[in-house]
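Structure at a glance
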Amino acid sequence: MTIVYIGLGSNMSSDHGGTLISPAQHIISAIRSIGELESINMMNTSSLYQSKPVGPQDQGDYVNAVLKLETDLSAIELLDRLQDIENDHGRKRQQHWGPRTLDLDILLFGDHIIENERLSIPHPEISNRSFVLVPLAEIEPASVIPTKGPVGDLLVDVDQTDLKIMQ
Ligand code: ROI
């Protein structure tokens with residue numbers, strides 16, 4: 001079994017037969033879909049956070065969260081299942097750093113370091129992003145990110161003013 005952390009993000013609503021699904025609803029629905037996957041045990045989920053977009057500012061605020069699970073899937077098998085869930089939530093392969101209905105990133109996969117054309121783990125931007133570090137620290141304050149260091153140390157250097165816990 002491998003302990004895995006997944007980052008979730010959404011800043012677009014989608015239309016389901018006239019009903020608008022909000023970014024927060026996409027995140028909640030994705031958490032449910034991940035929990036229903038075979039071969040994974042959901043262990044914990046962070047609060048939902050509202051965050052200002054990192055990158056281009058001409059897009060809406062994001063809802064972000066991090067979850068912890070254990071699995072006996074390989075990283076690529078898990079990625080395939082996560083991409084199915086992204087697609088089920090209306091995700092189109094879209095502009096780089098543009099708005100998205102659902103983004104699921106494998107942040108950490110045990111203590112593995114994985115670099116190939118589909119995966120880059122630990123996620124290369126993990127240490128610059130408060131919307132990942134804060135929810136990760138909420139559920140795993142003692143976590144150490146391979147090649148980067150303890151989450152608590154990384155948090156000291158990121159701006160957290162654009163991040164709010166949602167009720
Ligand atoms: N900004 C925030 N706040 N949250 C995200 O999930 C997010 N995802 C992205 C980019 C466009 C980099 N900005 C983001 O892919």
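Residues numbered from 1 in each chain as written. Predicted model: local features only at pLDDT ≥ 70, side-chain atom pairs only at ≥ 80, totals over all residues. Heavy atoms only, no water.

**Thoughts on helix α2 (residues 75–88)**
The following threshold applies: Strands are runs of DSSP state E lasting at least two residues, helices are runs of H or I lasting at least four, and both sets are numbered from the N terminus onward. Here, expected helix span is obtained from the residue count minus one, scaled by 1.5 Å. Only protein chains enter the area calculation, which uses a 1.4 Å probe; residues under 20% of their type maximum are buried, those over 50% are exposed, and those in between are partly exposed. By definition, the arc is the one covered by directions from the helix axis to the C-beta atoms. In this analysis, two residues are considered to be in contact whenever any of their non-hydrogen atoms come within 4.5 Å of each other.
The end-to-end C-alpha distance of α2 is 20 Å, a good match for the 20 Å that 14 residues give at a rise of 1.5 Å each. Turning to α2, its buried residues number three or more, namely A75, L78, L79, L82, I85 and E86. All buried residues of α2 lie within an arc of 120 degrees about the axis, which places them on one face of the element. Buried residues along α2 sit in contact with β1 (2–10), α1 (23–35), β4 (40–45), β7 (103–109) and β8 (114–115).

**Comments concerning the site of the ligand**
Short version of the rule: Residue proximity to a molecule or strand is established when one non-hydrogen atom of the residue lies within 4 Å of it. Polar contacts, as used here, are pairs of N or O atoms within 3.5 Å; protein pairs need one atom able to donate a hydrogen and one able to accept it. Residues neighboring in sequence count only if both atoms are side-chain atoms. Only the protein chains shown count as cover for residues, and all accessible areas are computed by the Shrake-Rupley method using a 1.4 Å probe. Here the nonpolar group is Ala, Val, Leu, Ile, Met, Phe, Trp, Tyr, Cys and Pro; Asp, Glu, Lys and Arg are the charged ones; every other residue, Gly included, is treated as polar.
Near the ligand the following residues occur: S51, K52, P53, V54, Y62, N64, W97, R100, D103, R129 and F131. V54 has a polar backbone atom sitting 2.8 Å from a nitrogen atom of the ligand. A distance of 2.8 Å separates an oxygen atom of the ligand from a polar side-chain atom of N64. When isolated, the ligand has an accessible area of 350 Å², and the protein chains bury 96% of it. Of the residues in the shell around the ligand, the class split is five nonpolar, two polar and four charged.

**Re the side chain of S51**
Looking at the element boundaries, S51 is found in strand β5 (residues 49–51). Relative accessible area serves as the criterion here: at 4%, S51 is assigned to the buried category. Polar contacts involving the side chain of S51 include one to the side chain of N64, which spans 2.7 Å. Excluding anything up to four places from it in sequence, S51 contacts D61, Y62, N64, F131, D162 and L163.

**Concerning the pattern of salt bridges**
Operational definition: Salt bridge, as applied in this entry: a Lys or Arg side-chain nitrogen positioned within 4 Å of an Asp or Glu carboxyl oxygen.
Applying the stated criterion to the full structure yields three salt bridges. In this structure, K68 and E140 form a salt bridge, with 2.7 Å as the shortest nitrogen-oxygen distance. With K68 in strand β6 (residues 62–71) and E140 in the loop between α3 (130–139) and β10 (144–145), this residue pair connects regions lying 72 residues apart in the sequence.

**Observations regarding the layout of surface pockets**
Under the convention used in this document: We place a 1 Å grid over just the protein atoms. Points where a 1.4 Å probe fits but has no way out form a cavity, open points with protein on both sides within 12 Å along at least 5 of 7 lines form a pocket, and any residue with an atom within 4 Å of a point lines it. Grid points are joined across faces, edges and corners, and a volume is the space filled by probe spheres set on the points.
When its volume is computed, the second largest pocket comes out at roughly 160 Å³. For the second largest pocket, the full set of lining residues is S51, K52, P53, V54, N128, R129, S130, F131, V158, D159, D162 and L163.

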